[in-house]
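Observations on chain architecture
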Amino acid sequence: MFKVIATKEIAKLLHLRTISTTLASLRSVLCVPENEGQSVRIFYPSFRDFLLDSQRCLDSRFLIDPKEAHITLFRNCIVLLAELRQDLCNLREPGVSVVDIPEHIIQQYIPAHIHYACRYWFHHFQLGNPIQEDMDRILQFLEQDFLHWLEALSLIREVSNGVLIVVDLEITLRVS
């Protein structure tokens, strides 16, 4: 379901300088690559379940509240989306077809953590425990960054998913 991203990109998504020290201490349960450009993998899927279950994880330092984790990721994604701008890849050619843009250019200007934020911000909002300030963040996003987000979606070939997000967003805003 989620795009796999490298450890250095996870750190950027979480607004951390590095996560290598933290990850190094978890090598018994995570496959942590030496190269920060590669992805972290969980050895045992039950480890994830353990971290999310208050009945199994009795140490509050390790317990993760899924709703809080999702809303934190939503907020981090919204911050990243605010960095988007018009002509994101500096093409200076309005109307150029995305198929004519070299993939390395798109990856240079839309790295994995931005790609992730573009694709999953609303998913995290839906699964989180939002407050009014989060609704305000969405309204500000729609006013200031929506068109830039659509451009980014076009470049990463995720417009169809963006349409689904907009439909779900409209339903959510109508209900609230």
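In this report, we go over the structure that sits alongside the text. (Residues numbered from 1 in each chain as written. Predicted model: local features only at pLDDT ≥ 70, side-chain atom pairs only at ≥ 80, totals over all residues. Heavy atoms only, no water.)

1. Concerning the pattern of salt bridges
- Per the counting criterion, the structure on display carries seven salt bridges.
- In this structure, Asp59 engages Arg61 in a salt bridge whose closest nitrogen and oxygen atoms are separated by 2.6 Å.
- As a salt-bridge pair, Arg137 and Asp134 come within 2.7 Å of each other at their nearest N and O atoms. Of this pair, Arg137 and Asp134 are both found in helix H7 (residues 132-144), three residues apart, which corresponds to roughly one turn of the helix.
- According to the relative accessible area criterion, Arg137 is partly exposed, its value standing at 27%.
- Here the residues in one salt-bridge network are Arg75, Asp134 and Arg137, joined through shared partners. (Salt bridge = Lys/Arg side-chain N within 4 Å of Asp/Glu carboxyl O. Helix = DSSP H or I, 4+ residues; strand = E, 2+ residues; numbered from the N terminus. Buried < 20%, exposed > 50% of the residue type's maximum accessible area, 1.4 Å probe, protein only.)

2. So, the side chain of Thr7
- With respect to the secondary-structure elements, Thr7 resides in helix H1 (residues 7-13).
- With residues near it in sequence (within four places) discarded, Thr7 still touches Ile19, Leu23, Pro33, Asn35, Glu36, Gln38 and Val40. (Contact = heavy atoms within 4.5 Å.)

3. Looking at a nonpolar patch on the surface
- On the surface, Val159, Val163, Val167, Ile171 and Val175 cluster together to form a nonpolar patch covering roughly 430 Å² of accessible area.
- Position of Val163 relative to the elements: it lies in helix H9 (residues 159-175).
- Judged by relative accessible area, Val163 falls into the partly exposed class, the value being 46%. (Patch = residues over 30% accessible without salt bridge, like charges linked within 9 Å, V, L, I, M, F, W, Y side chains within 5 Å. Areas by Shrake-Rupley, 256 points an atom, 1.4 Å probe, with all protein chains shown as cover.)

4. Digging into helix H4 (residues 66-81)
- With 16 residues, H4 should cover 22 Å at 1.5 Å per step; its first-to-last C-alpha distance of 22 Å lies within 8% of that length.
- Residues of H4 that are buried: His70, Ile71, Leu73, Phe74, Asn76, Cys77, Ile78, Leu80 and Leu81.
- Its buried side turned inward, H4 meets H1, helix H6 (112-127), H7 and helix H8 (146-155).
- One side-chain oxygen of the residue at the start of H4 lies 3.0 Å from the amide nitrogen of Lys67, identifying that residue as Asp65. (Expected span 1.5 Å × (residues − 1). Polar contact = N/O pair within 3.5 Å; in protein donor to acceptor, adjacent residues only side chain to side chain.)

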